6 protein chains.
Amino acid sequence: MRILVANANTTEAITEACAASARRAAASGTEVIAATPRFGPAVISSRAENIIAGHALLEVLAQHAGQVDAVVLAVSHDTALEAARQMMPCPVVSMTEAACFTACMIGGRFGLVTFGNVETYRELVTRHGLAGRLAGLGSIDVAAPEAVRDPEGVAAKLLPAIDALAAQGADSVILGGAALAGFDERLKGRAPLPLLDGVACATRMAEMLVRAALPKPRTGSFAAPSGRATKGLDARLAALLGG
Amino acid sequence: MRILVANANTTEAITEACAASARRAAASGTEVIAATPRFGPAVISSRAENIIAGHALLEVLAQHAGQVDAVVLAVSHDTALEAARQMMPCPVVSMTEAACFTACMIGGRFGLVTFGNVETYRELVTRHGLAGRLAGLGSIDVAAPEAVRDPEGVAAKLLPAIDALAAQGADSVILGGAALAGFDERLKGRAPLPLLDGVACATRMAEMLVRAALPKPRTGSFAAPSGRATKGLDARLAALLGG
Amino acid sequence: MRILVANANTTEAITEACAASARRAAASGTEVIAATPRFGPAVISSRAENIIAGHALLEVLAQHAGQVDAVVLAVSHDTALEAARQMMPCPVVSMTEAACFTACMIGGRFGLVTFGNVETYRELVTRHGLAGRLAGLGSIDVAAPEAVRDPEGVAAKLLPAIDALAAQGADSVILGGAALAGFDERLKGRAPLPLLDGVACATRMAEMLVRAALPKPRTGSFAAPSGRATKGLDARLAALLGG
Amino acid sequence: MRILVANANTTEAITEACAASARRAAASGTEVIAATPRFGPAVISSRAENIIAGHALLEVLAQHAGQVDAVVLAVSHDTALEAARQMMPCPVVSMTEAACFTACMIGGRFGLVTFGNVETYRELVTRHGLAGRLAGLGSIDVAAPEAVRDPEGVAAKLLPAIDALAAQGADSVILGGAALAGFDERLKGRAPLPLLDGVACATRMAEMLVRAALPKPRTGSFAAPSGRATKGLDARLAALLGG
Amino acid sequence: MRILVANANTTEAITEACAASARRAAASGTEVIAATPRFGPAVISSRAENIIAGHALLEVLAQHAGQVDAVVLAVSHDTALEAARQMMPCPVVSMTEAACFTACMIGGRFGLVTFGNVETYRELVTRHGLAGRLAGLGSIDVAAPEAVRDPEGVAAKLLPAIDALAAQGADSVILGGAALAGFDERLKGRAPLPLLDGVACATRMAEMLVRAALPKPRTGSFAAPSGRATKGLDARLAALLGG
Amino acid sequence: MRILVANANTTEAITEACAASARRAAASGTEVIAATPRFGPAVISSRAENIIAGHALLEVLAQHAGQVDAVVLAVSHDTALEAARQMMPCPVVSMTEAACFTACMIGGRFGLVTFGNVETYRELVTRHGLAGRLAGLGSIDVAAPEAVRDPEGVAAKLLPAIDALAAQGADSVILGGAALAGFDERLKGRAPLPLLDGVACATRMAEMLVRAALPKPRTGSFAAPSGRATKGLDARLAALLGG
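Residues numbered from 1 in each chain as written. Chains lettered and ligands numbered in written order. Predicted model: local features only at pLDDT ≥ 70, side-chain atom pairs only at ≥ 80, totals over all residues. Heavy atoms only, no water.

So the rule is basically this: UniProt positions are given in the numbering used here, feature names are shortened, and annotations may be inferred rather than shown by experiment.
Under an unreviewed UniProt entry, chain A has the name Hydantoin racemase and belongs to Plastoroseomonas hellenica. As recorded by UniProt, the Sequence similarities (unreviewed entry) comment attached to chain A reads in full: "Belongs to the HyuE racemase family."

Pasting the structure below:
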């Protein structure tokens with residue numbers, strides 16, 4: 001089985017880190033390939049960057065349509081997820097949704113901890129229809145590069161944030177954002193709750209869906225688009241929509 | 001006051017129709033200018049097209065940042081609305097949200113009627129937090145060009161759909177999609193409920209917000225982005241994010 | 001255009017303050033007239049007073065039916081709003097609903113700050129169907145007259161309350177209650193979020209609806225009442241219901 | 001125990017019918033007295049009438065404050081319920097809320113059937129926080145007087161409406177509106193679901209609350225009002241608020 | 001009238017305490033009998049114990065089917081409530097649901113305070129469809145036996161928890177768990193809000209339903225089961241399901 | 001990897017059918033073992049049977065605690081799911097929840113079709129927090145044995161029910177109830193939407209969770225119970241709770 005891990009920002013180091021995370025999570029027979037968009041934000045931290053990254057991500061996916069068995073979106077905002085799901089001929093799963101659904105199968109409510117502003121994550125969980133299972137959102141005050149430079153310092157900030165989410169009723173905690181990849185392993189045994197890494201969750205969910213071999217819906221808003229006229233798009237993306 | 005009516009698809013005829021609709025709705029001192037994206041779908045009818053159109057729309061907006069007093073998004077999917085609102089230094093209002101909020105001030109619950117699949121409109125109303133005020137969604141079985149070629153034929157299909165929404169408890173009906181522009185006037189007196197044209201509603205809301213002269217939030221997820229690094233974007237869009 | 005600013009309590013000084021606020025917000029061609037009920041509470045601060053004020057308000061409105069182009073309800077509890085909307089032949093908008101819908105077009109979630117108990121405001125936002133967009137409610141511990149006597153003292157209490165709402169995810173803050181009129185201007189530049197004055201928002205929304213010239217629904221629970229038999233009511237109110 | 005059955009409209013025949021219904025439902029030691037407002041609508045069928053009736057109802061209640069052990073609001077719109085509850089020194093229960101809570105203790109979801117428009121009942125159930133337990137709303141096309149003149153004709157229309165609500169998942173059906181009083185008995189054995197008469201439910205709930213002898217909250221928005229200044233009100237109502 | 005107070009755990013002392021509480025709340029003509037399951041947990045404090053207790057409780061109820069006029073489930077988790085309601089030929093009411101519905105008729109939102117983890121109570125209130133009326137959940141850090149050994153010490157911990165719920169908007173507070181029985185009386189006059197004892201509330205609600213004499217639904221998921229084949233069950237329980 | 005497929009009713013033929021379904025869905029290295037409760041209903045079709053089956057199911061699980069890597073609950077009511085999840089030292093997944101979460105990753109909203117009454121499925125989807133993603137529930141009028149005796153006759157009834165759910169906005173349809181096992185394969189290519197078999201979905205999700213190797217929460221309402229005193233229980237179940 002061949003899974004594409006598609007980053008939505010243009011930072012190749014993040015693509016590689018996510019691909020490594022996917023490879024650790026993948027079953028032995030799974031081949032993980034990775035891709036980085038041609039254009040867009042270095043890191044997504046505003047709403048406009050997220051929209052632009054959606055286009056960039058769809059362009060990347062179109063290059064791989066028909067050549068992979070599933071796609072993992074390596075972006076914690078689940079950027080362009082429903083669009084990718086409709087457009088691609090194979091299963092598409094994204095980081096945060098996969099972590100949310102995994103969390104729902106190991107406990108009641110879950111928390112999410114990330115860097116910076118949490119409101120777009122609240123919107124994301126609501127978009128997935130899971131607001132009733134969200135115990136709380138936590139934010140730690142560190143810059144993303146610290147996670148690499150001083151992981152124990154970041155861990156020391158994560159642990160009380162996780163405790164606070166436990167006190168709000170969380171049974172597990174999603175690590176939001178690629179910079180926290182690997183902290184599930186680092187904090188195993190130290191945190192009172194299971195920690196969920198989005199790329200790992202999404203990789204396992206993608207494998208699960210490939211094995212399920214479900215047909216695409218032939219009707220409704222997730223049926224594959226066809227015959228769409230476009231202008232100025234990458235040739236393969238245009239072809240996929242126009243086919 | 002100068003308002004930009006920004007289409008999200010690349011069909012100039014639709015841009016012009018929306019601009020005309022905005023001009024009819026605008027106050028006497030308001031200048032309406034219009035813009036069409038450089039790239040993207042001819043018409044948005046899949047989720048992927050909507051994402052791509054979001055990028056195209058932001059690019060168009062960036063060309064006008066600082067030169068207009070407000071923006072009307074002339075796209076019934078409210079494409080990239082929150083992103084545009086965060087990014088632009090002026091008020092941004094979109095068709096369907098403006099129609100929804102107008103509907104909320106003239107009755108209790110509202111309906112929406114459109115061509116084709118209604119599920120993305122259900123998601124849109126939910127995204128705006130207004131699911132509790134949605135009485136129902138109706139769909140008429142016509143192709144968009146018929147609205148121009150045989151408006152009375154389309155009217156004959158709209159009226160029973162409006163009656164059905166009234167029976168479901170709607171106090172007003174939003175006309176979803178640019179192809180239904182003008183049908184609010186055509187059906188005035190014939191329909192039992194007020195009909196809401198999205199571009200007209202958004203134009204009036206944009207004027208209202210310009211007059212309100214509210215400052216932008218300086219904190220949170222709608223504070224203006226700055227210092228964002230990007231790659232391969234239109235120069236003005238990149239500058240607006242990087243500024 | 002002629003807009004009636006109708007107070008729901010019997011304190012003329014508050015009517016005048018609200019009318020002044022409406023005049024500041026109104027467009028140049030708008031004439032603002034004001035009215036105060038004949039009976040009822042001096043200030044609404046219990047649920048019973050709010051109900052009584054509803055009747056008093058409808059009586060005031062009936063005196064002006066047919067003579068004004070729109071009505072602004074100058075009461076932060078949106079007292080009798082839906083009833084007034086059904087009864088009157090012109091648009092009716094109220095303070096807090098207008099502020100809520102304005103807030104929804106400049107950010108994601110909003111907060112509200114007021115004097116005293118906040119629970120009736122929570123019920124009000126829920127009644128408008130907007131619970132999902134409410135970030136939080138704040139209360140400052142001052143008596144209403146202080147707002148006039150020591151505005152800077154009140155400002156000093158408002159600012160941390162606004163900061164607290166920002167921390168809860170608000171992108172704007174509604175100033176609840178007539179006593180806070182003018183604090184949006186006073187705190188401009190000092191608060192991190194846009195502040196919304198209800199009377200100003202409602203005045204602009206009323207102008208917007210007058211310009212929209214939407215017909216009343218002819219069916220459903222907002223269609224104009226007629227042929228209603230009543231007893232002991234003010235003659236014009238009885239006539240409006242019985243007509 | 002002495003229970004006041006307070007009508008909110010001015011039609012004494014309806015007051016008497018409701019009092020009779022309360023007496024049938026009451027325990028042997030309960031004395032039921034009845035009261036009709038001095039002013040207001042003959043029958044409530046618009047939103048404005050409902051607001052006016054709220055004031056009229058509070059005035060009636062104030063005449064009895066301190067002289068009754070509980071109040072039953074004999075109005076299917078639960079008019080002024082929360083206000084009456086805050087204002088009165090004794091328990092206050094209303095028709096539809098009592099029927100809803102009774103329904104919740106005999107099944108999962110419930111339906112409601114009434115004459116005419118159902119939307120205000122949908123709002124009412126939502127105001128009580130029970131939207132999740134509402135299976136559906138039904139409307140029968142008869143004028144209220146028919147219920148007296150041709151009860152079997154009305155029964156013949158009620159039965160299919162009840163069946164339709166059963167098919168939507170209702171486990172019981174609330175009879176909405178005083179005109180349907182007694183149809184719970186008339187249809188016993190003929191309808192597949194238990195039918196709930198609001199006045200009877202409220203009378204039993206009022207007795208239950210009297211026996212519970214719970215203190216009033218001393219804080220929050222249901223604590224008794226005091227020291228309120230008013231103008232032009234009935235003397236006892238003014239005294240109750242001002243005390 | 002004869003009411004069965006059925007405990008769901010196997011601790012007879014708790015059964016007796018609950019029966020005593022029911023007798024204090026019951027009307028003079030009501031006979032209260034009590035029953036304890038034959039098997040199951042000594043105290044329910046895990047999800048598995050709650051499921052097992054559900055079976056044990058149904059077995060106890062089956063022994064009394066046809067011999068009592070109503071059942072009070074003396075278990076704060078409302079264990080097996082809907083099942084008991086469907087199965088038994090008489091009304092069944094449980095502690096926490098009865099307290100919730102009572103709370104809804106004396107104020108707007110309510111709180112609940114208990115020992116230990118509160119999340120299963122949040123799930124319970126949500127299961128009853130009342131999440132919108134829950135102001136908050138509080139937990140005090142004491143072991144259940146302390147309530148008997150040092151009631152004033154427990155009271156000293158309850159009072160600040162009640163104050164905290166008042167500050168969150170509660171108009172009344174439910175005492176969760178049998179160990180807190182009697183604290184409503186002990187704290188009367190000391191707490192700012194009415195306190196609700198579940199067994200007392202349920203007893204009064206059961207009496208109310210007996211007096212209502214509503215028929216069981218003949219259709220839907222609460223219609224009495226019949227003809228069900230089972231294996232290895234208590235003979236009377238098997239007979240009740242198979243009848 | 002060793003997965004236990006645990007039926008909750010006592011019909012071994014259904015256990016075997018579910019185990020066969022699990023084996024078809026399982027990866028090559030997965031061993032599926034099956035178990036049937038010692039006592040309880042032959043088929044669960046009332047609320048009481050569901051509660052009893054919960055106990056029976058926990059007893060079966062306790063026999064296998066520590067000997068399997070995961071558990072699949074082969075019961076479409078997700079009976080005792082949260083309790084089993086808390087109690088067992090390994091992942092536990094149930095039929096309908098797994099189908100729901102799978103559905104959420106291949107489309108927007110889903111439908112569910114089953115035999116007989118649908119209301120308990122509505123409650124189940126709500127219990128999982130997914131009411132917002134439920135497009136509709138369908139029921140076909142056949143007895144369960146027909147699915148074996150006349151599968152094409154049942155298929156002929158399923159297809160229009162699936163079409164009806166598609167028209168309500170479903171992007172996939174869950175087959176509710178063990179009797180419909182295998183109809184996903186039978187209708188592949190004939191139905192317009194992907195069909196989801198609960199046991200197959202749960203088996204794949206269980207494998208996924210085993211591979212994730214997440215620790216159990218050490219705090220909160222899903223932490224493993226210990227030290228619980230019980231009476232009259234199966235020895236292994238008692239030991240697991242008392243351990």
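## Quick notes on the overall build of chain A
Put simply, the rule is: Counting from the N terminus, the helices are DSSP H or I runs at least four residues long and the strands are E runs at least two residues long. Relative accessibility thresholds used throughout: buried, under 20% of the residue-type maximum; exposed, over 50%; partly exposed, between the two (1.4 Å probe, protein chains only). Contacts: residue pairs with any heavy atoms within 4.5 Å of one another. With residues, only the protein chains shown are counted as cover, and all accessible areas are computed by Shrake-Rupley using a 1.4 Å probe.
What chain A contains, in helices and strands, is ten helices and ten strands. For chain A, the spread of C-alpha atoms along the principal axes amounts to about 50 × 35 × 35 Å. Counting over 243 residues, chain A shows a buried share of 63%. Within chain A, contacts between residues at least 6 apart in sequence are counted, and of these 68% link residues at least 24 apart. Counting every atom, chain A has about 7,700 Å² of accessible surface; 52% of that belongs to carbon and sulfur.

## Points about the environment of Leu237 of chain B
Tracing the backbone shows Leu237 of chain B in helix H10 (residues 235-242). Along the chain, Leu237 of chain B and Thr96 of chain B lie 141 residues apart, while their C-alpha atoms are 25 Å from each other. Ignoring sequence-local partners within four residues, the contact set of Leu237 of chain B consists of Ile52 of chain A together with His55, Leu58, Glu59, Ala62 and Met87 of chain B.

## Comments concerning the environment of Val71 of chain A
Residue and element names in this part refer to chain A. With respect to the secondary-structure elements, Val71 resides in strand S4 (residues 70-74). Each C-alpha atom of the pair Val71 and Ala6 lies 7.1 Å from the other, and the pair is 65 residues apart in sequence. Discounting residues that sit within four places of it in the chain, Val71 has contacts with Leu4, Leu61, Met88, Cys90, Pro91, Val92 and Val93.

## A few points about unusual backbone geometry
Positive phi values are uncommon outside glycine, yet Ala213 of chain B reaches one of about 50°. Tracing the backbone through its elements, the reader meets Ala213 of chain B in the loop between helix H9 (198-212) and strand S10 (230-231). Overall, the relative accessible area of 44% leaves Ala213 of chain B in the partly exposed class. With a phi angle near 50°, Asp78 of chain E is a residue other than glycine that sits in the positive phi range.

## Describing the relation of the copies chain E and chain D
Selection criterion: The least-squares superposition of copies is restricted to C-alpha atoms, and to residues with a pLDDT of at least 70 in both copies.
The operation relating chain E to chain D is a screw motion whose rotation component is 180°, with 0.0 Å of axial translation and a residual RMSD of 0.0 Å. Here the two chains are linked by the operation of a two-fold rotation axis. With an isologous cut-off of 70% or more, the 100% of interface residues of chain E that recur at the interface of chain D puts this contact in the isologous class.

## Digging into helix H7 (residues 151-167) of chain E
All names here are of chain E. Stated precisely, the cut-off is as follows: Each helix should span, by expectation, one fewer than its residue count multiplied by 1.5 Å.
In a regular helix each residue adds 1.5 Å, so 17 residues correspond to 24 Å; H7 covers 24 Å between its end C-alpha atoms and thus fits that length. Among all positions in H7, only Pro151, Val154, Ala155, Leu158, Leu159, Ala161, Ile162, Leu165 and Ala166 are buried. Tucked into the core, H7 has its buried residues touching strand S6 (109-115), strand S7 (134-140), helix H6 (146-149), strand S8 (170-175), helix H8 (183-186) and strand S9 (195-197). Directly after H7, the chain includes Gly169, whose backbone phi takes a positive value near 105°.

## Looking at helix H9 (residues 198-212) of chain A
All names here are of chain A. Quick reminder of the rule: Pairs of N or O atoms are called polar contacts if they sit within 3.5 Å, as long as, within protein, a hydrogen donor faces a hydrogen acceptor (for residues adjacent in sequence, only side-chain-to-side-chain pairs).
Helix length check: H9 (15 residues) gives 21 Å between terminal C-alpha atoms against 21 Å at 1.5 Å per residue, within 8%. With 13 of 15 residues buried, H9 lies mostly within the body of the structure. For H9, the N-terminal cap is Asp197; the gap from its side-chain oxygen to the backbone nitrogen of Val199 is 3.4 Å. Ala213, located one to two residues past H9, shows a positive phi value of around 50°.

## Observations regarding the sheet that holds S6 of chain E
Sheet strands pair via backbone hydrogen bonds, and the direction of the pair is either parallel or antiparallel. Residue and element names in this part refer to chain E. Inclusion rule: Note: two strands are recorded as paired if DSSP finds a minimum of 2 bridges between them. Axes here mean lines fitted to C-alpha atoms, for a helix over just the part in contact, with angles spanning 0 to 180 degrees between N-to-C directions.
Strand order in the open sheet formed by four strands is S7-S6-S8-S9, and the pairing between neighbours is parallel. The two strands at the open ends of the sheet, each matched to only one other strand, are S7 and S9. Averaged over all neighbouring strand pairs, the angle between strand axes comes to 25°, with direction disregarded. Here S6 runs beside S7; their pairing, made up of six bridges, is parallel. Bridging from a neighbouring strand, Leu112 pairs with Leu137 of S7.

## Observations regarding the sheet that holds strand S1 (residues 2-7) of chain E
Residue and element names in this part refer to chain E. Spatially, four strands are ordered S2-S1-S4-S5 in an open sheet, and the strand pairing comes out parallel. Only two strands of the sheet have a single neighbouring strand rather than two, namely strand S2 (31-35) and strand S5 (92-94). Sheet twist, expressed as the average angle between the axes of neighbouring strands with direction ignored, equals 25°. Contacting S1, S2 and strand S4 (70-74), helix H2 (residues 47-64) runs over the sheet at an angle of about 160° to S1.

## Re the domain arrangement of chain A
Residues and elements named next belong to chain A. Basically, it comes down to this: Here the limits of each domain have been adopted from an automatic or database domain assignment. Using a 1.4 Å probe, buried area is obtained as the accessible area two parts lose upon being combined, added over both of them. Salt bridges are counted wherever a side-chain nitrogen of Lys or Arg sits within 4 Å of a carboxyl oxygen of Asp or Glu. Throughout, the ten residues Ala, Val, Leu, Ile, Met, Phe, Trp, Tyr, Cys and Pro are labelled nonpolar, Asp, Glu, Lys and Arg are labelled charged, and all others, Gly among them, are labelled polar.
Domain annotation for chain A reports domain 1 (2-96 + 201-242) and domain 2 (107-196). Measuring from the centre of the C-alpha atoms in domain 1 to the corresponding centre in domain 2 gives 24 Å. Taking both partners together, domain 1 and domain 2 bury about 1,000 Å²; carbon and sulfur atoms supply 57% of that area. Among the residues of domain 1 in contact with domain 2, Arg47, His77 and Thr96 are the three that bury the most area, contributing 41% of the side total. Applying the counting criterion to the domain 1 and domain 2 interface returns two salt bridges. Measuring nitrogen to oxygen at the nearest pair gives 2.7 Å for the salt bridge that ties Glu123 to Arg47. Looking at the side of domain 1 that touches domain 2 residue by residue, the classes come out as five nonpolar, three polar and three charged.

## Thoughts on the packing of aromatic side chains
Here is the rule we go by: Centres within 6.5 Å make a pair out of two Phe, Tyr or Trp rings, where for Trp the six-membered ring is used; the pair is then stacked when the planes are under 30 degrees apart, edge-to-face when over 60, and tilted otherwise. For a lysine, the NZ atom is tested; for an arginine, the CZ atom; a charge sits over a ring if that atom is within 6 Å of the ring centre and within 35 degrees of the ring normal.
Taken as a whole, this structure holds three aromatic pairs over all chains when the rule is applied. Ring plane angle 40° and centroid distance 5.4 Å describe the contact between Phe101 of chain A and Phe101 of chain F, whose orientation is recorded as tilted. On the criterion of chain membership, the pair formed by Phe101 of chain A in helix H4 (residues 95-104) and Phe101 of chain F in helix H4 (residues 95-104) is interchain, its members lying in two chains. On the basis of relative accessible area, Phe101 of chain A is assigned to the buried category, the value being 0%. For Arg186 of chain B, the ring lying beneath its charged end belongs to Phe183 of chain B, and the centroid distance is 5.8 Å.

## Here's the deal with the interface of chain E and chain D
Taken residue by residue, the interface counts 46 residues in chain E and 46 residues in chain D. The three residues of chain E that bury the most area against chain D are Met105, Arg204 and Arg211 of chain E, which together make up 18% of that side's buried surface. Counting across the chain E and chain D interface gives two salt bridges. The salt bridge partner of Glu207 of chain D is Arg211 of chain E, with a shortest N-O separation of 2.4 Å. Summed over the shared surface of chain E and chain D, the number is 18 residue pairs in polar contact (both at pLDDT 80 or more). Listing elements by their share of the side of chain E that touches chain D, those giving two or more residues are S5, helix H4 (95-104), S9 and helix H9 (198-212) of chain E. Ranked by the residues each element gives to the side of chain E that touches chain D, the list is headed by H9 of chain E, at seven residues. A per-class count over the side of chain E that touches chain D returns 26 nonpolar, nine polar and eleven charged.

## A look at the pattern of salt bridges
A full pass over the atoms with the stated rule returns 66 salt bridges over all chains. In this structure, Glu97 of chain F engages Arg85 of chain F in a salt bridge whose closest nitrogen and oxygen atoms are separated by 2.4 Å. Placement of the pair is Glu97 of chain F in helix H4 and Arg85 of chain F in helix H3 (residues 81-87), with a sequence separation of twelve residues. For Glu97 of chain F, a relative accessible area of 1% corresponds to the buried category. If you follow the salt bridges from partner to partner, you end up with Arg109 of chain A together with Glu119 and Arg122 of chain E in one network.

## Re the pairing of strand S2 (residues 31-35) of chain F
If a strand is regular, its side chains alternate between the two faces of the sheet. All names here are of chain F. So the rule is basically this: For a crossover, the right-handed case is the one in which the path from the first strand over the helix to the second runs clockwise, viewed with the strands pointing away from the viewer.
Where strand S1 (residues 2-7) lies against S2, five bridges are found, and the strand directions are parallel. Residue pairing in the sheet places Leu4 in a bridge with Ile33 of S2. The parallel pair S1 and S2 is bridged by helix H1 (residues 12-25), and the resulting crossover is right-handed.

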